[in-house]
Protein chains: 2
Amino acid sequence: MQRIANLLVIKDGHVLLLKKPRRGWYVAPGGKMDPTESIFEAAEREFQEETGTTPIGTHLKGVYTMAIMDNAGQTVKDEWMLYTFIAHDLSGTPYETTTEGVLEWHPIESLQTLPMAEGDRTNLWFATQEPGMQYGTFFYTEQFNLLKEVLQKSVEGDE
Amino acid sequence: MQRIANLLVIKDGHVLLLKKPRRGWYVAPGGKMDPTESIFEAAEREFQEETGTTPIGTHLKGVYTMAIMDNAGQTVKDEWMLYTFIAHDLSGTPYETTTEGVLEWHPIESLQTLPMAEGDRTNLWFATQEPGMQYGTFFYTEQFNLLKEVLQKSVEGDE
């Protein structure tokens, strides 16, 4: 089962996003965990590889089960885990263009309108706006259209 | 890849532990995630099934990569993910004995001395004592002796 870690830097009201060439969709920098890595190590390594910078204040904001369903929406064709981190700063100057796409700073609010997977919009908006941790499952078609999302959240110390 | 979620209720200075019959080791109630479940849903479902009660204030405290190494410590034989939650109360009266083992309340401090996997001791102690989230990898032998642990932690909003 794939495990993907991504990391959104939120600094001065802006977020650092990667625009992927194929569909023009925006994502937070990230990628696949290596064997025996922790999710934290994977998020920082992937961010470093994709941006050329080191995140500061890395913290987990969401853990998501990603389910790809057949076109009838009945059978699970693939399933993986997504771990979404934030950081509040970075050390270094990000690449502008990489083999993965183009790196751009955008105002936080643009997360509501930029083209991206609808589940990513849910995750990244939570990560920038709300305290605590979010959990959930995103059900997608094989064409990556969102069928359904089921979410939970919690804040440490809340009743 | 297996995904395991467990949940430690911490109430009135005590924790609810399951004593497993085979080795007499203590664990937090939990078990395997079902397909398309979120980690939060899995932790609450497994806790409910194993104790007959519903946790209150469920919150994630740790995400761990578990690596079983061959006896030379060089090759990964198996790898899975462990998600450790806490709760500060429960609704209902826990079973005393289940097919999984015996449920017992113990003082928090006894986590340092009760027989258990050494990685579980690290996880559960962190969950009861420290703010924020812990991440890491535990390297075990096939006989489940701890070879090495590599840990990271973060607290939301910390610099």
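In what follows, the structure referred to is the one given above.
Residues numbered from 1 in each chain as written. Chains lettered and ligands numbered in written order. Predicted model: local features only at pLDDT ≥ 70, side-chain atom pairs only at ≥ 80, totals over all residues. Heavy atoms only, no water.

Enquirer: What's the story with the overall build of chain A in this structure? I'm lost.
Expert: Secondary structure summary: chain A contains two helices and twelve strands in total. Each helix and strand of chain A, ordered N terminal to C terminal, gives the series β-β-β-β-α-β-β-β-β-β-β-α-β-β. Projecting the C-alpha coordinates of chain A onto the three principal axes gives extents of approximately 45 × 45 × 35 Å. By residue count, 55% of the 159 residues in chain A fall in the buried class. Expressed as a percentage of contacts within chain A between residues at least 6 apart in sequence, the contacts between residues at least 24 apart total 62%. Put simply, chain A has 13 plus and 24 minus side-chain charges, and the middle of one group is 6 Å from the middle of the other. (Helix = DSSP H or I, 4+ residues; strand = E, 2+ residues; numbered from the N terminus. Buried < 20%, exposed > 50% of the residue type's maximum accessible area, 1.4 Å probe, protein only. Contact = heavy atoms within 4.5 Å. Lys, Arg positive; Asp, Glu negative; His and termini not counted. Charge placed at Lys NZ, Arg CZ, Asp CG, Glu CD.)

Enquirer: Which parts of the structure should I look at to understand helix 2 (residues 118-129) of chain B?
Expert: Since there are 3.6 residues in each turn of an α-helix, residues three or four apart along the chain are aligned in direction. Residue and element names in this part refer to chain B. With twelve residues, helix 2 ought to run about 16 Å at 1.5 Å a step, and its terminal C-alpha atoms sit 17 Å apart, in line with that. Of all twelve residues in helix 2, nine are buried, a share of seventy percent or more. All buried positions along helix 2 are accounted for by G119, D120, R121, T122, N123, L124, F126, A127 and T128. (Expected span 1.5 Å × (residues − 1).)

Enquirer: Mind showing me how you'd approach the relation of the copies chain B and chain A here?
Expert: Superposition of the two copies of the chain requires a rotation about an axis and a shift along the axis. Of the transformation superimposing chain B on chain A, the axial component is 0.0 Å and the angular component is 180°, with the fit at an RMSD of 0.0 Å. Both copies of the chain, as the preceding transformation shows, are related through a two-fold rotation axis. Scanning chain B for the C-alpha nearest the rotation axis identifies M1 of chain B, at a separation of 2.7 Å. The overlap is high: 98% of the interface residues of chain B also sit at the interface in chain A, so the same surface is used on both sides. (Least-squares fit on C-alpha atoms with pLDDT ≥ 70 in both.)

Enquirer: What's the story with the pattern of salt bridges in this structure? I'm lost.
Expert: Opposite charge on two side chains permits them to pair, given that their charged atoms come into close proximity. Residues and elements named next belong to chain A. This model, assessed by the stated rule, comprises 20 salt bridges over all chains. With a shortest N-O distance of 3.4 Å, K20 and E100 are connected by a salt bridge. With K20 in the loop between strand 2 (14-19) and strand 3 (26-27) and E100 in the loop between strand 9 (97-98) and strand 10 (101-107), the pair connects residues that are 80 residues apart, well separated along the chain. For E100, a relative accessible area of 33% translates into the label partly exposed. (Salt bridge = Lys/Arg side-chain N within 4 Å of Asp/Glu carboxyl O.)

Enquirer: Help me understand the packing of aromatic side chains, please; the structure alone is not making it clear to me.
Expert: Within a pair of aromatic rings, the relevant descriptors are the distance that separates the centres and the angle that separates the planes. Going through the model one piece at a time under the given rule, you end up with 13 aromatic pairs over all chains. Judged by centre distance (5.4 Å) and plane angle (55°), the rings of Y64 of chain A and F138 of chain A are tilted. Here Y64 of chain A, found in strand 6 (residues 59-69), pairs with F138 of chain A, found in strand 11 (residues 133-140); they are 74 residues apart in sequence, far enough to count as distant. F138 of chain A shares its class with Y64 of chain A; the two are buried. Between W80 of chain B and F144 of chain B the ring centres are 6.3 Å apart and the planes differ by 5°, which places this aromatic pair in the stacked class. With W80 of chain B in strand 7 (residues 76-87) and F144 of chain B in the loop between strand 11 (133-140) and strand 12 (146-154), this residue pair connects regions lying 64 residues apart in the sequence. Since its relative accessible area comes to 16%, W80 of chain B is described here as buried. Classification of F144 of chain B as partly exposed rests on a relative accessible area of 23%. Every member of this aromatic cluster is reached through a ring pair, and the members are F40 and F85 of chain A together with Y135 of chain B. Directly above the ring of W25 of chain A sits R23 of chain A, whose terminal nitrogen or CZ lies 4.4 Å from the centroid. (Phe/Tyr/Trp six-rings, centres within 6.5 Å; stacked < 30°, edge-to-face > 60°. Lys NZ or Arg CZ within 6 Å of the ring centre and 35° of its normal.)

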